[in-house]
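The primary structure of each chain is shown beneath.
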Amino acid sequence: MPRFVSTLALCLLACESPPALSGDAAPAARDAARDGGEDAASGAPDASGEDAGTPPDAGDAAAAGPRADGVTGTLADGEVVTIAWDGEHGFGDLGPEVLVFDRFEGTPGNEIPLESPEVGLWTGAGGNPALFSEETARSGSTAMLAYDGESGAMRQLRLRFEPRDELFLSFWVALPEGSRFPGRDHLPSGFSMDSSWKFTWVFDGSDGFGHDGRYDQCLPTHTGRGAFAIGGNDGNWSWLSNDWFGWSTWTRITVRGRPGAEPSVDDGEGFFQAVSALGHHRRELDDRPMYQGGTERFDRLNVPGWIRTGGDGAVRPHYDDVYFAAGPGAAARVELGDAEDYASCTNLVMAIPLRWTDTELEVRLHGNRDMETFEGAWIHVHDADDRAVGAPRAIR
């Protein structure tokens, strides 16, 4: 199975916490920026006659930009850096195969093209193509508008790929100020009485979302009255609380899933995670099989999975920064967080792995509106088994 990785390196330590064929090729590696400047140890006098060995002033230090131990390159949005391991245990040889990563940057009101992602390609769209929107965004200036309440139309992007059985999916979602939760007959809590929103949907085969014995899971789904689940039409993996859902704020939803040795019999392993201004919520997915009869693979992802039509103009869900990896190394990842303790992070940003070895990582960094610069952030690394690799690294 191909591995999604490229070139450069990073020395890091880490911390932890629901149709056509896609382009899987890794983007071309970019050189990491290197520190410039003269060798102060040379002792050569400068123009003022002072010894060049004099420590730089505060302005020079600031110009150097933020740094982290063992990290080579410029710590800034869009830059490629290298992390090198110097501890007893390495990163592991198995890195992720990232099938798609999309920040949805484009002209407001325009259709989102299939070529929009920075990694991979969308392979199709629903009957109503998704739109770039400037009403709100988690990173950059635009996000994906997934439902047009005025016309009552869900707007969807689709990804098809070779079958996999393990996944790691992360995306940000928001209902802008004044937007209502999808569905009808809303409760005082704001949730609808009916099943109304499948945030994303992975399934097996072009019609695998039906009651047909083929694998399907919504990551997550709102089943009505504020109840959420990791589940589909052919079985539920786990029920979820609703205290993680943020109103008028961006929430990052992450789901990791790996089947047991006998996928339809043995308990799977994984987690549902939600981070936002409300805090950090995590639910382990380890007490039921990931696959519950029928097929034991998937080859499609729809974003959103489904939204009930019939809402008015106040229904305007937005998505941003969709990251999807699948296959044996799916959980291996590098993230920038706003806390040293991973379980305390309320903002986590995915870096894009370009090269992954046991001793060196090369990743492209990305920020968001609450992490436009990385000073004060922490670098967290997890291996393919979702184990934190070492201690997190402070960026200062």
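What comes next concerns the included structure.

**Focus: the overall build of the chain**
- Counting its secondary structure elements, the chain contains 1 helix and 27 strands.
- The buried share of the chain, reckoned over its 396 residues, is 55%.
- For the chain, the accessible surface area stands at approximately 15,500 Å², while carbon and sulfur atoms represent 47% of it.

**Here we look at the sheet that holds strand E22 (residues 333–337)**
- Pairing within the open sheet is antiparallel, and its 4 strands lie in the order E23-E22-E26-E27. Of all the strands in the sheet, just strand E23 (348–350) and strand E27 (393–394) have a single pairing partner and so form its edges.
- Two strands pair when backbone bridges link them, and E22 and E23 are joined in this way by 3 bridges, in the antiparallel orientation. Each residue of the ladder has a partner; that of Leu-336, found in E23, is Val-349.

**As for the pairing of strand E2 (residues 80–84)**
- E2 sits mainly inside the fold: 4 of its 5 residues count as buried.
- When strand E1 (residues 71–72) meets E2, the two strands line up antiparallel, connected through 2 bridges. Each bridged residue has a counterpart across the sheet, and for Thr-72 the counterpart in E2 is Thr-82.
- By the bridge criterion, 5 bridges tie E2 to strand E25 (residues 360–364) in an arrangement that is antiparallel. Bridging from a neighbouring strand, Val-80 pairs with Arg-364 of E25.

**Thoughts on the sheet that holds strand E24 (residues 352–356)**
- On the basis of which strands lie adjacent, the open sheet formed by 4 strands has the order E1-E2-E25-E24 and antiparallel pairing. Edge strands, defined here as strands with exactly one partner in the open sheet, are E1 and E24.

**Remarks on the side chain of Asp-321**
- By secondary structure assignment, the location of Asp-321 is in strand E21 (residues 318–326).
- Summary of buried charges: Asp-321 has no salt-bridge partner, and the nearest side chain of opposite charge, Arg-103, is 4.2 Å away.
- Side-chain polar atoms of Asp-321 contact the side chain of Ser-139, separated by 2.7 Å.
- Among residues more than four places away in sequence, those in contact with Asp-321 are Phe-101, Asp-102, Arg-103, Phe-104, Arg-138, Ser-139, Ser-170, Phe-171 and Trp-172.

**Looking at the pattern of salt bridges**
- The full count for this structure, using the stated rule, is 25 salt bridges.
- Among the salt bridges present, the one from Arg-103 reaches Asp-77, with a minimum N-O distance of 3.2 Å. Within this pair, whereas Arg-103 is found in the loop between strand E3 (98–102) and strand E4 (124–125), its partner Asp-77 is found in the loop between E1 and E2, the two being separated by 26 residues in sequence.
- On the basis of relative accessibility, which here comes to 36%, the residue Asp-77 falls in the partly exposed class.
- Residues Asp-287 and Arg-283 are paired through a salt bridge, measuring 3.6 Å at the closest nitrogen-oxygen approach.
- Take Arg-283: its relative accessible area is 27%, and that puts it in the partly exposed class.
- Salt bridges sharing common partners tie together Glu-166, Arg-256, Arg-258, Glu-269, Asp-383, Asp-385 and Arg-387.

**Describing the packing of aromatic side chains**
- Under the defined criterion, the tally for this structure stands at 31 aromatic pairs.
- Look at Trp-197 and Phe-245: their rings are 6.3 Å apart centre to centre, the planes differ by 80°, and that puts the pair in the edge-to-face class. Of this pair, Trp-197 sits in strand E11 (residues 197–198) while Phe-245 sits in the loop between strand E15 (235–240) and strand E16 (251–258), and the two are 48 residues apart along the sequence. For the pair Trp-197 and Phe-245, a shared accessibility class is recorded, and that class is buried.
- Judged by centre distance (6.1 Å) and plane angle (55°), the ring pair of Phe-199 and Phe-228 falls under tilted. Here Phe-199, found in the loop between E11 and strand E12 (201–203), pairs with Phe-228, found in strand E14 (residues 227–232); they are 29 residues apart in sequence, far enough to count as distant.
- Overall, the relative accessible area of 0% leaves Phe-199 in the buried class.
- Take Phe-228: its relative accessible area is 0%, and that puts it in the buried class.
- Chaining the aromatic ring pairs together yields one cluster made of Phe-181, Phe-191, Trp-197, Phe-199, Phe-228, Trp-244, Phe-245, Trp-247 and Phe-272.
- Lys-198 extends its terminal NZ or CZ atom over the ring of Trp-201, reaching a point 5.2 Å from the ring centre.
- Sitting over the ring of Phe-271, Arg-282 keeps its end group 3.9 Å from the ring centre.

**Some remarks on unusual backbone geometry**
- Here the amide bond leading from Leu-219 into Pro-220 is cis, since omega sits at -15°, within 30 degrees of zero.
- Turning to its location among the elements, Pro-220 is positioned in strand E13 (residues 216–224).
- The omega torsion of the bond from Val-303 to Pro-304 falls at -10°, within 30 degrees of zero and hence cis.
- Mapped onto the fold, Pro-304 is located in the loop between strand E19 (298–303) and strand E20 (306–307).
- Of note, Phe-104 is a non-glycine position whose phi angle comes to about 55°, a positive value.
- Its place among the elements puts Phe-104 in the loop between E3 and E4.
- The phi dihedral of Asp-185 is positive, around 55°, even though this residue is not glycine.

So, how was this worked out
Note that residues are indexed from 1 along each chain, following the sequence as it is written. In keeping with the model being predicted, local features are shown solely for residues with a pLDDT of at least 70 and side-chain atom pairs are shown and tallied solely at 80 or more, while totals for entire chains, interfaces and linings include all residues. As a rule here, side-chain values cover all heavy atoms of the structure and leave hydrogens and water aside. By the criteria applied, helices consist of DSSP H or I runs no shorter than four residues and strands consist of E runs no shorter than two, each listed in order from the N terminus. Accessible area is worked out with a 1.4 Å probe on protein chains only. A residue is then buried under 20% of its type maximum, exposed over 50%, and partly exposed in between. Surface accessibility in these figures is a Shrake-Rupley result with a 1.4 Å probe; residues are shielded only by whichever protein chains are displayed. A pair of strands is considered paired only if DSSP assigns at least 2 bridges between the two. Neither His nor the chain ends is counted toward charge; the positive residues are Lys and Arg and the negative residues Asp and Glu. Salt bridges are counted wherever a side-chain nitrogen of Lys or Arg sits within 4 Å of a carboxyl oxygen of Asp or Glu. Under this definition, polar contacts are N or O atom pairs within 3.5 Å; protein pairs additionally need one hydrogen-donor-capable and one acceptor-capable atom, and for neighbouring residues in sequence, both atoms have to be side-chain atoms. The contact rule is simple, with two residues in contact once any of their heavy atoms fall within 4.5 Å. When the centres of two rings from Phe, Tyr and Trp lie within 6.5 Å, Trp using its six-membered ring, the rings pair. Their planes under 30 degrees apart give stacked, over 60 give edge-to-face, and anything left gives tilted. Each ring is checked for a lysine NZ or an arginine CZ that lies within 6 Å of its centre and within 35 degrees of its normal; such an atom marks a charge sitting over the ring.

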